[in-house]
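Below, each chain spelled out in residue letters.
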Amino acid sequence: MGDFFTTAMAFPAVIFTFPLAVVLLYWIFGVLFGVGGSVAEGGDGAGDGDIGGFSGVMALLGLSGVPAAIPLSMLIAVAWFTAMAGTELLDATALRVATLPVALVAGWGAARLTVLPLRRVFAAETGSQHEDFVGKVCVVRTSRVTAEFGQAEVTAHDGGTAIVQVRAEGPEGADLGAGSRALIFGYEPEREFFWVAPYDAGPATGYLENQLPR
């Protein structure tokens, strides 16, 4: 046990030891006293209209769509385990330093794999299906929209807003920047994003479902 704590408090494992302690306390208090809310509460991403700050970072990392506590806990736990292995097996300082990015990438990969199947569960709880957004006008919230990048804000049936992943190809994408309006005309279920095109006319509310063909 003494060796375990010695390794946990040695570089580079110590960088993740304290965050892991916070994560464990969070879940323990959450289970015992409900502190911080249940896992199903505080969803982050699909139903959250905030694109800036922490939510924006989670979206860029591909970890949005579920409560942030889930991917963060997985990331920290796997990164800590990887760093522990590096601390125990490696003696050279340079090799231990190299363990840090490896631990972070391993943690991110585990968190990403955890988020992908859970997104469908939490998306179903929002009451809005992806297809419900097809035919609506959204407002681009990123500086650009390309075939590989882009996010936009769209209004759901119940008046709530959601930040969704959007993509555009060719000249259409060049006309889309932050604050511009775009028409959602398709959804890619496997890659979980919407196809959009520039939209400069029509009602500001943007709901055109009954006017546009699917």
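Given the structure is predicted, the values throughout are model-derived calculations rather than measurements.

S.K.: I'm lost on the sheet that holds strand S4 (residues 181-188) in this one. Help?
M.R.: Either a parallel or an antiparallel arrangement is found when strands of a sheet pair, and the pairing is made through backbone hydrogen bonds. Spatially, S1-S2-S3-S5-S4 is the arrangement adopted by the five strands of the closed barrel, whose pairing is mixed. For this sheet, the mean inter-axis angle between neighbouring strands, taken without regard to orientation, is 55 degrees. Alignment of strand S1 (residues 137-140) against strand S2 (residues 151-155), held across two bridges, turns out to be antiparallel. Within S2, the position partnered with Val140 by the bridge is Ala152.

S.K.: Looking at this model, I keep getting lost on the nonpolar core. Mind explaining?
M.R.: When a protein is soluble and globular, its nonpolar side chains tend to lie buried together. Grouped together as the largest cluster of nonpolar side chains are 18 residues, with contacts concentrated most on Phe133, Ile184, Phe194 and Val196. Secondary-structure elements contributing two or more residues to this core are S1, S2, strand S3 (161-167), S4 and strand S5 (193-198). Beyond its immediate sequence surroundings of up to four residues, Phe194 is in contact with His130, Phe133, Val134, Val164, Gln165, Val166, Arg167, Ile184, Gly186 and Tyr187. Core analysis: the next-biggest nonpolar cluster, separate from the first, contains 12 residues, Ala8, Leu20, Ala83 and Met84 among them.

S.K.: Would you explain the UniProt feature "transmembrane region" (unreviewed entry) in the protein in this entry?
M.R.: According to UniProt, the "transmembrane region" (unreviewed entry) feature falls on residues 12-36, 57-81 and 93-111. Segment residues 57-81 splits into 68% helix and 0% strand. End C-alpha atoms: 24 Å apart.

S.K.: Would you explain the side chain of Arg96 in this entry?
M.R.: Inspection of the secondary structure puts Arg96 in helix H5 (residues 93-125). Comment: no salt bridge for buried Arg96; closest opposite-charge side chain is Asp91, at 4.3 Å. For Arg96, the side chain forms a polar contact with the main-chain oxygen of Thr87, separated by 2.8 Å. Once residues lying within four places of it in the same chain are set aside, the contact partners of Arg96 are Ala10, Phe11, Pro12, Gly86, Thr87, Leu90 and Asp91.

S.K.: What is the right way to look at the packing of aromatic side chains in this model?
M.R.: Two measures describe an aromatic ring pair: the distance that separates the ring centres and the angle between the ring planes. A complete count under the given rule lists six aromatic pairs for this structure. Where Phe4 meets Trp80, the ring centres are 6.1 Å apart and the plane angle is 65 degrees; that geometry is what we call edge-to-face. Residue Phe4 is located in helix H1 (residues 2-8), and its partner Trp80 is located in helix H4 (residues 69-89); the two are separated by 76 residues in the primary sequence. When its relative accessible area of 39% is taken as the criterion, Phe4 is described as partly exposed. For Trp80, a relative accessible area of 15% puts it in the buried group. With a centroid separation of 5.1 Å and 85 degrees between ring planes, the pair formed by Phe193 and Trp195 is classed as edge-to-face. Using a relative accessible area of 2% as the deciding quantity, one classes Phe193 as buried.

The rules we used
- Residues numbered from 1 in each chain as written.
- Predicted model: local features only at pLDDT ≥ 70, side-chain atom pairs only at ≥ 80, totals over all residues.
- Heavy atoms only, no water.
- Pairing = 2+ DSSP bridges.
- Helix = DSSP H or I, 4+ residues; strand = E, 2+ residues; numbered from the N terminus.
- Axes fitted to C-alpha atoms, helices over the stretch in contact; angles between N-to-C directions.
- Core = buried A, V, L, I, M, F, W, Y, C linked by side-chain atoms within 4.5 Å.
- Buried < 20%, exposed > 50% of the residue type's maximum accessible area, 1.4 Å probe, protein only.
- Contact = heavy atoms within 4.5 Å.
- UniProt positions renumbered as here; feature names shortened; annotations may be inferred.
- Lys, Arg positive; Asp, Glu negative; His and termini not counted.
- Salt bridge = Lys/Arg side-chain N within 4 Å of Asp/Glu carboxyl O.
- Polar contact = N/O pair within 3.5 Å; in protein donor to acceptor, adjacent residues only side chain to side chain.
- Phe/Tyr/Trp six-rings, centres within 6.5 Å; stacked < 30°, edge-to-face > 60°.

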